[in-house]
Amino acid sequence: MTTEIYLDANATSPVLPAAAAAAMAAMQDCFGNPSSSHASGLRARALREGVRACARRVLGAPAGRLMFNSGATEGIQTAVLSALCAVRERRARGEACGDVALVGATEHKAVSESLAHWNRLLGLGLELRVLPVDRDGRHRLEVLGALAPRLAFVATMAANNETGVVSDLEGIAAVLAQTASPALWMVDCVQALGKLPLALGASRIDYAPFSGHKLHAPKGIGMLYVRAGAPFTPLMCGGGQEDGQRSGTENMAGIAALGAVLAALERGDTFLGTDALHACRARLVDALSRAFPGIVFNAPLAHTLPTTLNFAVPEVSSAELLDLFDAAGMRVSAGSACAASRAAPSYVLDAMGVPAWQSASAVRLSIGPLLDDAALDLAYERIARCGAALALPASPGATGSAPGDAAHNADLELDAASARGWLAAHPDAIVVDVRDAREHSVAGRVEVHGRAALNVPLARVAEHAAAWLGADARPLLFVCRSGARSARAALALRALGHPRACSLAGGFALA
Ligand code: PLP
């Protein structure tokens, strides 16, 4: 049960081996500064320009600006700043430029937050409006049409990170054209790269940010496309790198790695194509539907990326299902990774008018185009196990596993290294796995540093406490998924007078 199956590709993705090798070569062999005029610099520059040329072919963007940056949040920031500076200049010249900035209701928070930020900082006073989506998660084009003549800026992502809903970009372009809208148009293409055909140069799109880590390149590298003739203001000034569009010495390791991913996309020999991804998703849908009768998909499959499934199981909360999947070695999430530490319901599902229970039970499963048959087979089998586990009664208080619930106490919570030493020093210690019965059933019997754990769900710790206390009380090490439930168990035993009850900080995730 230990092989990890990573099904959270919309949050981030493992680096493609060829990309890691390219990054290493850029750091060790071709390590020059592309701004230097000597041979080392020229080689680095050639590497950078080769990647840019490949990116232009993959994105269908032979003209316009295409700059490397740190990722999509920076690209979004630059696009918003550029558009808003243009509004200021147009206003100063007395030209019509619109007084409304419109953001799709399901857009990544980087969009609405940076728009509010720059609108405030530049003192523009644009009216910030939200473009509603329908029950399928698609933009309400009639609302766009009504506002279009007043629009200074509009942002409509290509595909949503939580639901995978693909926007009707052609429909949006048609509305903007029919209404002769002055809007500068940004399309966040983060989730589209490698999954949807892109022909940016042939579109009306003014700005398109990309992020490397969503498609097997490392974190900290991204790109921004700006249509030829669209207004542009640099976000970063300094040494004038990237033709003055984005100062700061280039992240050459990231650029090289992104180049390897783009080259693989162009060759078409590394990643699964659309049909294969649809086949993978169909298998996952089948596994989920068999395992969880009554399952509801929160967005229509016909309108979503073949890599994303957002679903809810009646009467099972997101947290319960996430813990169960995690125990089974499958990494999924409840929504966007940025919101994972906040327990707030999904604004994306709320905007779609998804019933409250579906939002509270939402789970996102997202695959990447590197998924292989072996991982898919394992996922199929483990999803079935999770379904069977749900037939077991839930323990009260089984979840709530956010780390940090218990007060931090150095001798109460041991990190993985200390736990190893502590177990060696206490050969008579009992290791107690306090995870829920359902999680035990999918995880099977676990070991911590070679010591088999006793399965006692947190809710049943009290029943065992008397046996663990007394004059000859054996040391206790409580363990769980994230370290929260085990910390509660250790605290409870200490409160009852046990002198050596401890917990494994960070849980199995860090062991
Ligand atoms: N836009 C979308 C749709 C995303 O999914 C993300 C990442 O979660 C971002 C923007 C931000 O990307 P980055 O992590 O590169 O800043």
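Since we're looking at a predicted model, the values are computed, not measured. (Residues numbered from 1 in each chain as written. Predicted model: local features only at pLDDT ≥ 70, side-chain atom pairs only at ≥ 80, totals over all residues. Heavy atoms only, no water.)

Caption draft 1: Quick peek at the site of the ligand. The environment of the ligand is made up of 13 residues, and the closest members are Ala72, Thr73, Asp188, Ser211 and Lys214. In the environment of the ligand, an oxygen atom lies 2.9 Å from a nitrogen or oxygen atom belonging to the side chain of His213. Lys214 is positioned such that a nitrogen or oxygen atom in its side chain is 2.6 Å from an oxygen atom of the ligand. Look at the ligand: alone it shows 400 Å² of surface, and the protein chains cover 88% of it. (Near = heavy atom within 4 Å. Polar contact = N/O pair within 3.5 Å; in protein donor to acceptor, adjacent residues only side chain to side chain. Areas by Shrake-Rupley, 256 points an atom, 1.4 Å probe, with all protein chains shown as cover.)

Caption draft 2: Spatial organisation of the sheet that holds strand E12 (residues 363-366). One open sheet holds the three strands; their spatial order is E9-E10-E12, and the pairing between them is antiparallel. The open sheet is flanked by strand E9 (296-297) and E12, the only strands paired with a single partner. Set on the sheet, helix H8 (residues 274-291) makes contact with E9, strand E10 (308-312) and E12; between it and E10 the angle comes to about 15°. (Pairing = 2+ DSSP bridges. Helix = DSSP H or I, 4+ residues; strand = E, 2+ residues; numbered from the N terminus. Contact = heavy atoms within 4.5 Å. Axes fitted to C-alpha atoms, helices over the stretch in contact; angles between N-to-C directions.)

Caption draft 3: Structural context of the layout of surface pockets. Looking at the second largest pocket, its volume works out to about 370 Å³. Surrounding the second largest pocket, 17 residues form its lining, Leu169, Glu170, Pro197, Leu198 and Ile205 being those nearest its centre. Looking at the lining of the second largest pocket element by element, the count peaks at three residues for helix H6 (residues 169-178). Residues belonging to the lining of the second largest pocket are distributed by class as follows: 12 nonpolar, two polar and three charged. (1 Å grid on protein atoms, 1.4 Å probe; cavity = no way out; pocket = protein on both sides within 12 Å on 5 of 7 lines; lining within 4 Å. Points joined across faces, edges and corners; volume = space filled by probe spheres on them. Nonpolar A, V, L, I, M, F, W, Y, C, P; charged D, E, K, R; others polar.)

Caption draft 4: Broad picture of the environment of Ile430. Assignment of secondary structure puts Ile430 in strand E14 (residues 430-433). Separated by 53 residues in the primary sequence, Ile430 and Gly483 place their C-alpha atoms 17 Å from one another. Those residues within four positions of Ile430 in sequence are excluded, and the remaining contacts are Leu454, Trp468, Arg474, Pro475, Leu476 and Leu477.

Caption draft 5: How the structure looks around the domain arrangement of the chain. Domains assigned within the chain are domain 1 (5-12 + 271-389), domain 2 (17-267) and domain 3 (413-510). The C-alpha centroid of domain 3 is placed 49 Å from the C-alpha centroid of domain 2. (Domains from an automatic or database assignment.)

Caption draft 6: Region of interest: unusual backbone geometry. Backbone geometry places Asp243, a non-glycine residue, at a positive phi of 55°. Topologically, Asp243 is positioned in the loop between strand E8 (222-226) and helix H7 (252-267). Among the residues examined, Asp243 registers a relative accessible area of 77% and is labelled exposed. (Buried < 20%, exposed > 50% of the residue type's maximum accessible area, 1.4 Å probe, protein only.)

Caption draft 7: Examining the sheet that holds strand E18 (residues 476-479) more closely. Judged by pairing direction, the sheet is parallel, and its five strands sit side by side in the order E13-E19-E18-E14-E17 without closing on themselves. The strands lining the two open edges of the sheet, one partner per strand, are strand E13 (413-414) and strand E17 (454-455). In the packing of helix H15 (residues 461-468) onto the sheet, the strands contacted are E14, E17 and E18, and the crossing angle to E18 comes to about 165°.

Caption draft 8: Spatial organisation of the packing of helix H1 (residues 17-28) against H7. Where H1 meets H7, the axes come as close as 7 Å, and the angle between the chain directions of the two elements is 145°. Every pair of crossing elements has a handedness; the one defined by H1 and H7 is right-handed. Across the interface between the two elements, Ala18, Ala19, Ala22, Ala23, Ala26 and Met27 of H1 pack against Met252, Ala253, Ala256, Ala257, Ala260 and Val261 of H7. Each residue belonging to the contact of H1 with H7 can be placed in one class, and the counts come to 12 nonpolar, no polar and no charged. (Left-handed = near helix turned anticlockwise from the far one by under 90°.)

Caption draft 9: Seen up close, the nonpolar core. Of all hydrophobic cores here, the largest spans 53 residues; its most connected members are Leu59 and Leu144. The residues contacting Leu144, other than those within four sequence positions of it, are Leu102, Leu131, Leu151, Val154, Ile172, Val175 and Leu176. (Core = buried A, V, L, I, M, F, W, Y, C linked by side-chain atoms within 4.5 Å.)

Caption draft 10: Spatial organisation of the pattern of salt bridges. Taken as a whole, this structure holds 27 salt bridges when the rule is applied. In this structure, Asp8 and Arg364 form a salt bridge, with 3.1 Å as the shortest nitrogen-oxygen distance. Of the two residues, Asp8 sits in the loop between strand E1 (5-6) and H1 while Arg364 sits in strand E12, which places them 356 residues apart along the sequence. In this pair, the class of Asp8 matches that of Arg364, namely buried. The partner of Arg485 in a salt bridge is Asp323, and the shortest N-O contact between them spans 3.6 Å. Placement of the pair is Arg485 in helix H16 (residues 484-495) and Asp323 in helix H9 (residues 318-327), with a sequence separation of 162 residues. According to the relative accessible area criterion, Arg485 is buried, its value standing at 0%. (Salt bridge = Lys/Arg side-chain N within 4 Å of Asp/Glu carboxyl O.)

Caption draft 11: Highlighting H16. Between its terminal C-alpha atoms H16 stretches 17 Å, which fits the 16 Å expected from 12 residues at 1.5 Å a residue. In the core, the buried residues of H16 are packed alongside H9, E13, helix H14 (437-443), H15, E18 and strand E19 (501-504). (Expected span 1.5 Å × (residues − 1).)

Caption draft 12: Seen up close, the packing of aromatic side chains. Within the structure shown, the criterion is met by three aromatic pairs. Geometrically, the ring pair formed by Phe297 and Phe311 is edge-to-face, given 6.4 Å between the ring centres and 65° between the ring planes. Residue Phe297 is located in strand E9, and its partner Phe311 is located in strand E10; the two are separated by 14 residues in the primary sequence. When the ring of Trp468 is compared with that of Phe478, the centres are 5.7 Å apart and the planes differ by 70°; the resulting orientation is edge-to-face. Linking Trp468 in helix H15 with Phe478 in strand E18, this pair joins segments that are 10 residues apart in sequence. Take Trp468 and Phe478: they sit in the same class, and that class is buried. Geometry around Tyr347 places Lys109 over its ring, the cationic atom sitting 4.1 Å from the centre. Its end group placed over the ring of Tyr380, Arg283 keeps NZ or CZ at 4.7 Å from the ring centre. (Phe/Tyr/Trp six-rings, centres within 6.5 Å; stacked < 30°, edge-to-face > 60°. Lys NZ or Arg CZ within 6 Å of the ring centre and 35° of its normal.)

Caption draft 13: Local environment of the environment of Leu144. By the secondary structure assignment, Leu144 is in helix H5 (residues 141-147). Its relative accessible area of 0% is what places Leu144 among the buried residues. Note: C-alpha distance between Leu144 and Arg65 (79 residues apart in sequence) is 27 Å.

Caption draft 14: Examining empty space enclosed by the protein more closely. What the rule picks out here adds up to two cavities of 30 Å³ or more. Lining of the second largest cavity is provided by Thr106, Gly137, Arg138, His139, Met157, Asn160, Val165 and Ser167.

Caption draft 15: The arrangement of H7 in detail. Taking 1.5 Å of rise per residue, 16 residues should cover 22 Å, and H7 covers 22 Å from first to last C-alpha, within 8% of that figure. Taking burial as the measure, the 16 residues of H7 include 12 buried ones, the bulk of the element. Contacts from the buried residues of H7 go to H1, helix H2 (39-59), strand E2 (65-69) and E8. Directly after H7, the chain includes Gly268, whose backbone phi takes a positive value near 75°.

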